[in-house]
Protein chains: 2
Amino acid sequence: MVSIADVARDAGVSSSTVSYVLSGKRSISSETQRRVEASIHRLGYHPHAGARALASSRTSVLALIMPLRTDIDVPVLMGFVNSVVTTARNYDYDVLLLTNDEGPAGLRRVADSAMADALLLMDVEDEDSRVPVLQSLSCPGVLIGLPNDPGDLSCVDLDFSAAAKRCVRHLADLGHEQVALIGPSPVVYERGTSFAGRFLRGFTSAARERGLHATSQACLPSYEGVRDCLDRILTEQPRLTGLVVHNEAVLDPLLSELHSRDMRIPEDISVVAVTPDEMAANRSVPLTTVSLPSEDIGRIAVEMTMRELQGVRSPEVRLLSPRLTPARSTAQRH
Amino acid sequence: MVSIADVARDAGVSSSTVSYVLSGKRSISSETQRRVEASIHRLGYHPHAGARALASSRTSVLALIMPLRTDIDVPVLMGFVNSVVTTARNYDYDVLLLTNDEGPAGLRRVADSAMADALLLMDVEDEDSRVPVLQSLSCPGVLIGLPNDPGDLSCVDLDFSAAAKRCVRHLADLGHEQVALIGPSPVVYERGTSFAGRFLRGFTSAARERGLHATSQACLPSYEGVRDCLDRILTEQPRLTGLVVHNEAVLDPLLSELHSRDMRIPEDISVVAVTPDEMAANRSVPLTTVSLPSEDIGRIAVEMTMRELQGVRSPEVRLLSPRLTPARSTAQRH
DNA sequence: TTGAAAGCGGTACCAA
DNA sequence: TTGGTACCGCTTTCAA
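- The name given to chain A in an unreviewed UniProt entry is Transcriptional regulator, LacI family, with the source organism recorded as Actinopolyspora alba.

### Some thoughts on the protein's contact with DNA strand C
Reasoning step 1: In the vicinity of DNA strand C, 29 residues are found, and the nearest of them are A:I4, A:S19, B:T17, B:S27 and B:T32.
Reasoning step 2: When the atoms of DNA strand C within 4 Å of the protein are grouped by moiety, sugar and phosphate amount to 54% of the total.
Reasoning step 3: The contact in question runs from a phosphate oxygen of DNA strand C to an N or O atom on the side chain of A:S19, over 2.7 Å.
Reasoning step 4: Between DNA strand C and B:R26, the relevant distance is 2.7 Å, taken from a base oxygen to a side-chain nitrogen or oxygen of the residue.
Reasoning step 5: Elements supplying a minimum of two residues to the surface near DNA strand C: α2 (15-23) and α4 (49-56) of chain A together with α2 (15-23) and α4 (49-56) of chain B.
Reasoning step 6: Here the element with the most residues in the surface near DNA strand C is α4(A); it accounts for 5 residues.
Reasoning step 7: Each residue belonging to the surface near DNA strand C can be placed in one class, and the counts come to 13 nonpolar, 12 polar and 4 charged.

### Regarding the pairing of strand β5 (residues 154-158) of chain B
Residue and element names in this part refer to chain B.
Reasoning step 1: With 5 of 5 residues buried, β5 lies mostly within the body of the structure.
Reasoning step 2: With 3 bridges joining them, strand β4 (residues 141-144) and β5 adopt parallel strand pairing. By the bridge assignment, I144 is partnered in β5 with V156.
Reasoning step 3: Across 4 bridges, the pairing between β5 and strand β11 (residues 317-320) is parallel. Paired with D157 across the strands is L319, a residue of β11.

### Description of unusual backbone geometry
Reasoning step 1: Geometrically, the link from A:I265 to A:P266 is a cis peptide bond, its omega value of 0° lying close to zero.
Reasoning step 2: Along the polypeptide, A:P266 turns up in the loop between α12 (251-260) and β9 (270-275).
Reasoning step 3: The backbone of A:A114 shows a phi angle near 55°, a positive value even though the residue is not glycine.
Reasoning step 4: Following the sequence through the fold, A:A114 ends up in the loop between α6 (104-112) and β3 (118-121).
Reasoning step 5: The phi dihedral of B:D262 is positive, around 60°, even though this residue is not glycine.
Reasoning step 6: Structurally, B:D262 can be placed in the loop between α12 (251-260) and β9 (270-275).
Reasoning step 7: By relative accessible area, which is 63% here, B:D262 ends up exposed.

### A short note on the sheet that holds β9(A)
Residues and elements named next belong to chain A.
Reasoning step 1: Judged by pairing direction, the sheet is mixed, and its 6 strands sit side by side in the order β7-β6-β8-β9-β10-β12 without closing on themselves. At either margin of the open sheet sits one strand with a lone partner, and together these are β7 (213-217) and β12 (324-325).
Reasoning step 2: Across 5 bridges, the pairing between strand β6 (residues 178-182) and β7 is parallel. Its bridge partner being in β7, L181 is matched across the sheet by S216.
Reasoning step 3: Packing of helix α11 (residues 223-236) onto the sheet brings it into contact with β6, β7 and β8 (242-245), and relative to β7 it is tilted by some 155°.

### Quick notes on the interface of chain B and chain A
Reasoning step 1: Taken residue by residue, the interface counts 43 residues in chain B and 43 residues in chain A.
Reasoning step 2: Counting the surface lost from both chain B and chain A, the interface buries some 3,700 Å², and carbon and sulfur atoms represent 63% of this.
Reasoning step 3: In this assembly, chain B and chain A are joined by 4 salt bridges.
Reasoning step 4: Run the count over chain B and chain A and you get 10 residue pairs in polar contact (both at pLDDT 80 or more).
Reasoning step 5: For the side of chain B that touches chain A, the elements supplying multiple residues, two or more each, are α4, α5 (74-90), β2 (94-99), α6 (104-112) and α12 of chain B.
Reasoning step 6: A per-element tally of the side of chain B that touches chain A places α5(B) first, with 9 residues.
Reasoning step 7: Its residues assigned to classes, the side of chain B that touches chain A comprises 22 nonpolar, 12 polar and 9 charged.

### Details of the relation of the copies chain B and chain A
Reasoning step 1: The transformation that overlays chain B on chain A combines an axial shift of 0.0 Å with a rotation of 180°, and the residual RMSD is 0.1 Å. Expressed as an axis order, the relation between the two copies is that of a two-fold axis.

### A closer look at the packing of helix α5 (residues 74-90) of chain A against helix α14 (residues 294-309) of chain A
In a packed pair of helices, the relevant descriptors are the angle between the two axes and the axis-to-axis distance.
Residue and element names in this part refer to chain A.
Reasoning step 1: Taken N-terminus to C-terminus, the directions of α5 and α14 make an angle of 40°; their axes are 7 Å apart at the nearest point. One element, α5, and the other, α14, form an angle in the oblique class. Read as a crossing pair, α5 and α14 show a hand that is right-handed. Contacts between α5 and α14 involve V76, G79, F80, S83, V84, T87 and A88 from the former and S294, E295, I297, G298, R299 and V302 from the latter.
Reasoning step 2: A per-class count over the contact of α5 with α14 returns 6 nonpolar, 5 polar and 2 charged.

### Digging into helix α3 (residues 30-43) of chain B
All names here are of chain B.
Reasoning step 1: Taking 1.5 Å per residue as the helical rise, α3 with its 14 residues ought to reach 20 Å, and the 20 Å between its terminal C-alpha atoms agrees with that figure.
Reasoning step 2: Those residues of α3 that sit buried are T32, V36, S39 and I40. End-on, the buried residues of α3 take up no more than an arc of 100°, which puts them together on one face. Opposite the buried face of α3, by more than 90 degrees, sit the exposed residues S30, H41 and R42.

### Overview of the domain arrangement of chain A
All names here are of chain A.
Reasoning step 1: One can read the domain layout of chain A as domain 1 (4-56), domain 2 (61-158 + 294-321) and domain 3 (160-292).
Reasoning step 2: In this structure, domain 2 and domain 3 have C-alpha centres spaced 29 Å apart.
Reasoning step 3: Counting residues at the interface gives 17 residues for domain 2 and 15 residues for domain 3.
Reasoning step 4: Across the interface of domain 2 and domain 3, roughly 1,400 Å² is buried in total on both sides, 53% from carbon and sulfur atoms.

The rules behind these values
- Residues numbered from 1 in each chain as written.
- Chains lettered and ligands numbered in written order.
- Predicted model: local features only at pLDDT ≥ 70, side-chain atom pairs only at ≥ 80, totals over all residues.
- Heavy atoms only, no water.
- Near = heavy atom within 4 Å.
- Polar contact = N/O pair within 3.5 Å; in protein donor to acceptor, adjacent residues only side chain to side chain.
- Helix = DSSP H or I, 4+ residues; strand = E, 2+ residues; numbered from the N terminus.
- Nonpolar A, V, L, I, M, F, W, Y, C, P; charged D, E, K, R; others polar.
- Buried < 20%, exposed > 50% of the residue type's maximum accessible area, 1.4 Å probe, protein only.
- Pairing = 2+ DSSP bridges.
- Contact = heavy atoms within 4.5 Å.
- Axes fitted to C-alpha atoms, helices over the stretch in contact; angles between N-to-C directions.
- Buried area = accessible area lost by both parts, 1.4 Å probe.
- Salt bridge = Lys/Arg side-chain N within 4 Å of Asp/Glu carboxyl O.
- Least-squares fit on C-alpha atoms with pLDDT ≥ 70 in both.
- Parallel < 35°, antiparallel > 145°, perpendicular 65-115°, else oblique.
- Left-handed = near helix turned anticlockwise from the far one by under 90°.
- Expected span 1.5 Å × (residues − 1).
- Arc of directions from axis to C-beta.
- Domains from an automatic or database assignment.

Pasting the structure below:
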């Protein structure tokens, strides 16, 4: 292994000089600088991460805690992960990926053993037991999602309440009076997943505000689930003309089910969905969507973390404004 | 921060004794053992990862290198990641997640700076430039996938060649004589992605072996892509009765396109697909599938790594046998 | 069965 | 502008 001492010897300087060349924390004559850099390059020197962490109390690692669920939207999750890792590298950070199956104790383990400089949590619940633990830790934490009480933690997420309102108003503006929400799986609601509740409340309140008749149903991610869900909705609202879908996994089954019930889109029923941009275009019908910008959210989460790590303590709840892109799946009510 | 010295003081022993209690590398009187463990628990002690890495030259971290692509099967990728992380934790390892956008230099950086004890690569290409680099590194590497020349690296993957043969023989056994393969995106072939070529060769060779008329087409993951692909295939084989689909992303579009062309499954055409188990059931038609066991593959990759880390140097290419599950989408040719 | 102490490879303070 | 060195927290050898 090439150590800093090897570089120092090769360049004919002391090891502290090498260290300072690397960190830029004191001025170096350009001649020395050049020689040291040449030696570093020639020897292929990479500072030992553990030694550096020990001496500096900084790891240049972010810990990302990922849900280990099957009921979750995989492409969205992957979008977060990708964008967190990519953005972190732009700041010279690496990412340690943890699953949630150690629970709050996992957070403590990682922080207390100084494996990371900060923790990012995904899949936040309304009353998330990890939140108080995270606050008690010495290292910064940032949430992707919004719990009931974020305390002094920074959060970033799509403004799901505003997103739901945007969907409802879009349908209302098109003259629809009977609308329904197809939501995530029942389990997602049951465990108090933050975004699901916020969307539902936004939906309900916007519908009331515009005087629409509105119902909502959780929906299992299967063809059968979609059929049941539609049955229940249509029983209650036989004259339904507008659907808001907050469940990426059921979109294909839903479109196919509507087709086989001879409910034409948009002539008989308008559909607006929440989904990542990449997935919106490629459907049997081009969908009007509110986009779920997982890339942006991941990037912002890292940027917030970086600010905290630079000592700027300004906890912030950042809810991104929804953007609705109209397409053929929504139209004026006939 | 609670250090080993704090624990030692609290328990009235030396810090080396604490270390040995933790590692179990020498015998300890049960009384001492008890006191030390009590102190550890009471103080909430976690060894400093960096210090430990520095002193022991072991990090208890695996580096997992992930492709940063949009043309890849996200659920499969996520299956690998999940199972690698989960299995690693069972061995008391954590996982550092890297993207491939640093290229081979990224591998060198991680290994040389001693951030991980071993590297796992995903999305391996036939002639993968990372493979020689990985071999030149001091730390073990395991491939998820199979390059043309794995050298002395261990590899694990589904036996895609056998999987293709399994599909073809299934159709042949049902009396089909005109079969076609719908493969991944053209780019996947172009960059020499290992599994795509192996599947294609297996398909061709099994078809020849059974005297079937067979063609194959790469397929863009969109409705339009599927239409084009079907057009090309049916032009060449108007009497096609069997389809093998090796492209998870186009399954829904394909089923819907076949439906709108009035090609009934399985009366007019039989369909067999390669896809993760979780995804097979929930289609408009229950699909006959060869399953892509991403969980198993990830787990085995970690187990191989663990063996290498314990000094057992027995490079091994492990290709998992395909398992075909018949369902309604394939039937005797009419 | 246990303790003392020499590193591991950096960082950053104190001197020069 | 640079060098010397104490120290970060742990592992492991050597001695008792």
